[in-house]
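# Observations on the model geometry
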Amino acid sequence: TRAEPWKALLAAVLLVTVPVVAGLGIKLLAEQPRIAEARRRELRAEASHWEQRGIQSLLIKDTESDVVVDRLRQIRGQDPDNLSVLACLLSLLGQQRASEAEAELARAPALLDRHRGLQLFQQRLREARPFFADAEVAELIGSHDRLDLLLAILSRILETRDTLVVDSLVAIRPALDL
C-alpha cells in the first residue's frame, strides 16, 4: 500500500494538540477558585464604592441618587447576601420611594423574617416615618446583627442631616424675618 502522509501529519498534530488542550483545561479548572475569588473581590470593591456614593447621596440629598439606586440594585442582583448594599439601598429608597423600598423587602422574605431591623424598617415605611425612633435605634444597636446596626446608623445619619437643616433654618429665621 501507499504511504499516506496526511494521516501521519494528523496523528502528529493530535499527539501534540490533545495534551496541550487537556493541560490548559486542567489548569483552568485548577485556577477556577482563584478566578472566582478575584471576581468576588472586584464585586465587593464595587459594592463598597456604590455604598459610599449612596451614603453621600443620603447626606446631601444628591440628585444623582437614581444612578446610585440603579447600581446598588444591580450589585444586589449579583450579590444578594451583601447586607451593606441592602441597607444602603433601602435607606435611599425609604426617603422618597417607599413603595420601591417595600418591593425590595418583598423580594427578600427570608431576610425579613431573620432581621429585626428589616421588620422595623418595614413598619417605619408603613407609618411614613423618615427615620427610626430612639427606642428602635436602641433595640437595633443592642441586637449585634450587622444589618440591624447598619440600618440604625443610616437612620441616625438621616436624622442628623434633617436635624441640622432644621437647626440651621431656625438659626437664620430672625434674619429672614427682617
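For the structure itself, look to the data block above.
Throughout what follows, the structure given in this document is the object of discussion. (Residues numbered from 1 in each chain as written. Predicted model: local features only at pLDDT ≥ 70, side-chain atom pairs only at ≥ 80, totals over all residues. Heavy atoms only, no water.)

### Topic: unusual backbone geometry
Positive phi, normally seen in glycine, also occurs at Ala128, with a value near 55°. When you line up the elements, Ala128 lands in the loop between helix 6 (116–126) and helix 7 (134–143). With relative accessibility at 66%, the residue Ala128 sits in the exposed group. The backbone phi angle of His144 is positive, close to 65°, even though this residue is not glycine. Position of His144 among the secondary structure elements: in the loop between helix 7 and helix 8 (146–176). (Helix = DSSP H or I, 4+ residues; strand = E, 2+ residues; numbered from the N terminus. Buried < 20%, exposed > 50% of the residue type's maximum accessible area, 1.4 Å probe, protein only.)

### Brief notes about the packing of aromatic side chains
For the coordinates displayed, the defined rule picks out one aromatic pair. Between Phe121 and Phe132, the aromatic rings sit 6.4 Å apart at their centres with planes inclined by 75°, giving edge-to-face as the arrangement. One end of the pair, Phe121, is in helix 6; the other, Phe132, is in the loop between helix 6 and helix 7, and eleven residues separate them in sequence. Note on Phe132: relative accessible area 2%, which makes it buried. The ring of Phe132 has Arg124 sitting right over it, with the charged end atom 4.9 Å from the ring centre. (Phe/Tyr/Trp six-rings, centres within 6.5 Å; stacked < 30°, edge-to-face > 60°. Lys NZ or Arg CZ within 6 Å of the ring centre and 35° of its normal.)

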